[in-house]
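Listed below are the residues making up each chain.
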Amino acid sequence: FFCRNLFTRKQSARFEKQHDVGWKLFGKVPLRENSQKDPKKIQKEYEEKTGRAHRPLSPKQNVRKNLDFEPLSTTALILEDRPANLPAKPAEEAQKHRQQYEEMVVQAKKRELKEAQKRKKQLEERCKLEDSIGNAVLTWNNEILPNWETMCCSRKVRELWWQGIPPSVRGKVWSLAIGNELNITHELYDICLARAKEKWRSHSTGAAEVECEDAGFSAADREASLELIKLDISRTFPNLCIFQQGGPYHDTLHSILGAYTCYRPDVGYVQGMSFIAAVLILNLDTADAFIAFSNLLNKPCQMAFFRVDHGLMLTYFAAFEVFFEENLPKLFAHFKKNNLTPDIYLIDWIFTLYSKSLPLDLACRVWDVFCRDGEEFLFRTALGILKLFEDILTKMDFIHIAQFLTKLPEDLPSEEFFTSIAAIQMQSRNKKWAQV
Amino acid sequence: MGSAEEDYNFVFKVVLIGESGVGKTNLLSRFTRNEFNHDSRTTIGVEFSTRTIVVGDAVVKAQIWDTAGLERYRAITSAYYRGAVGALVVFDITKHQTYDVVDRWLKELYEHAEASIVVMLVGNKTDLAQAREVPMEEAKMFADNNGLLFVETSALDSTNVEQAFETILKEIFHKVQKQKQRSSQSNTVSLASESPESTAVAQTEKRPCCVAL
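All of these numbers come straight from a predicted model, not from anything done at the bench.

What counts and how
Residues numbered from 1 in each chain as written. Chains lettered and ligands numbered in written order. Predicted model: local features only at pLDDT ≥ 70, side-chain atom pairs only at ≥ 80, totals over all residues. Heavy atoms only, no water. Helix = DSSP H or I, 4+ residues; strand = E, 2+ residues; numbered from the N terminus. Buried < 20%, exposed > 50% of the residue type's maximum accessible area, 1.4 Å probe, protein only. Contact = heavy atoms within 4.5 Å. Pairing = 2+ DSSP bridges. Axes fitted to C-alpha atoms, helices over the stretch in contact; angles between N-to-C directions. Parallel < 35°, antiparallel > 145°, perpendicular 65-115°, else oblique. Buried area = accessible area lost by both parts, 1.4 Å probe. Salt bridge = Lys/Arg side-chain N within 4 Å of Asp/Glu carboxyl O. Polar contact = N/O pair within 3.5 Å; in protein donor to acceptor, adjacent residues only side chain to side chain.

A. Molecular detail of the overall build of chain B. A tally of helices and strands in chain B yields 6 helices and 6 strands. Across the 213 residues that make up chain B, the buried fraction comes to 57%. Across chain B, every contact between residues at least 6 apart in sequence was considered, and the portion connecting residues at least 24 apart equals 75%.

Next up, the structure:
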């Protein structure tokens, strides 16, 4: 905090200095100028004033270098009289020009001041935001996390939770909220990983099948699963460049997905998992990420999707549509008319828990509340997206809606987004999500 | 709205299917945006792209559904075949396994799509010729025996990509024309009349179609 205060003071001092310089530099110019001057001299003086002299390290130039922005062109405007070889301006005209010049400088000055104030405000806001994050970290670390069981459901915590969990405690909170119903230990992770590695080795040397408890799965399927993991790892957040071959998290992601196929051979690897594991890796240590990953996928909604239980998925879609109609009747009718079914957009959103379709920071905030509220929040988020873009979507036809929803705009406004999620009621004719 | 892109006589729904990693997404991005991405993201569910081309004196808008290739997803993705008038079944010429399962993809396709759907077998990644595992003759023969169009492409160096899509769209167009002539009195002109939503074959009111309705 000390550092930050110092920084603010420095910043404002800098602004003052700059204004000072600006006045002296430009305000005096017209007064000092003689009417009879040869152009070369003017040029030289101008260069000196603006610090563009040939001497490379004039003090003025140093000052300029320290400013975080160059004076605007209007501020740098210097009023000069006509060159000597031309007839002088009439006094009246000269007076008028001087006046106009002064007005221009005043205007420019005003604008600069305004901008400086705006910048200062922005900085203050950023500091405030950082402070609030800093305070939130303290609250999470000192108050909430040590008393998790008693505090996690209190109103105050739930509200703080909605604001977004600070990145430094995010992993811990996720772990606690997801829980470890499966009682997976770090040792179990090591065992699964070792088994996965053995499989890879035998796979690459072309040895005979390694017996594993995945009865009912042919060798070809298993092979395909290993191939698929390899294929998908480099296709997970490719723009982050950390999961690709040679990237720092490539092996970690590979390990977690491989270990999972050994832990749950009945589920195996299904596309979408790589994105979920990747987000967890970004917030947790490897073994803890594995524990959270396995427990997360064990939740009813995730199990239904990752086992591709079509019947159950349709049940989820039907429930979603009940709330869709309730919350956004107009858009719902428009979608029905265009035969835009939820499987077109929801599959991607649910399988990757929004990590593929939303910007990563927003996706993490969705995960925050998903950890708090459970699967219901995934569908609430979907409705929030539809609500946010309701006006645009009602004007589109089938293909444009489909394209829009499968490729959401990258600059989603986070506050508006969460406001529209908050406006979604997950209650239909007195029935809650679980009942529907 | 009202832009040149919206001015068309027909909309054809075409699905892209085939194993994961054979390059479906890149074939599509090459055709619609002339882009290729070495690390394109895994497709989950379905993604969409469109492009409008001229066939004869008609303007055809291709509405292409790029589906996820994962075997496990088939239960979901087969729902996307409904109302499609064309399908590109893509395999990777450097991975025999992706060719071996073409049969299964076709079966899936015919189960859920119109019988009259135009299907093209596409062997992708010809730029990796040194790693070829599927001989062109073999795939060509398979296509001939099964009444499929056939082409080999490279989304990376864009060989035959344009041609592949153009060929199938023309073929669909001709099929529609023939069907129309046959049933000139009736209103059922589309290949997939039961699904109005996907506008399998639609006509805009702005420009009269080249064939009298």
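From this point on, the discussion continues.
B. Layout of the sheet that holds strand 6 (residues 149-152) of chain B. All names here are of chain B. Reading across the sheet, the 6 strands line up as 2-3-1-4-5-6 and stay open at both edges, with mixed pairing between neighbours. Because the sheet does not close on itself, it has two edges, and the strands there are strand 2 (46-55) and strand 6. Put simply, the sheet's adjacent strands are angled 25 degrees from each other on average, direction ignored. Bridging between strand 5 (residues 118-124) and strand 6 involves 4 bridges; their strand directions are parallel. Looking at the pairing, Val 122 lines up with Val 151 of strand 6. Lying on the sheet, helix 6 (residues 161-182) is in contact with strand 1 (10-18), strand 2, strand 3 (58-67), strand 4 (86-92), strand 5 and strand 6; it crosses strand 1 at an angle near 130 degrees.

C. View of the packing of helix 1 (residues 24-33) of chain B against helix 6 of chain B. All names here are of chain B. Contact geometry for helix 1 and helix 6: axes closest at 9 Å, N-to-C directions at 85 degrees. When the axis of helix 1 is compared with that of helix 6, the two are roughly perpendicular. Facing Leu 27, Leu 28, Arg 30 and Phe 31 of helix 1, the residues of helix 6 in contact are Val 161, Glu 162, Phe 165 and Leu 169.

D. Expanded view of the interface of chain B and chain A. Each side of the interface is counted separately: chain B has 30 residues, and chain A has 36 residues. Carbon and sulfur atoms make up 60% of the area that chain B and chain A hide from each other, which totals about 2,900 Å². At the junction of chain B and chain A, the tally comes to 1 salt bridge. Glu47(B) is the salt-bridge partner of Lys356(A), the closest N and O atoms lying 3.4 Å from each other. Joining chain B to chain A, the criterion identifies 10 residue pairs in polar contact (both at pLDDT 80 or more). Of all elements in the fold, only strand 2, strand 3 and helix 2 (74-77) of chain B reach the threshold of two or more residues within the side of chain B that touches chain A. A per-element tally of the side of chain B that touches chain A places strand 2 of chain B first, with 5 residues.

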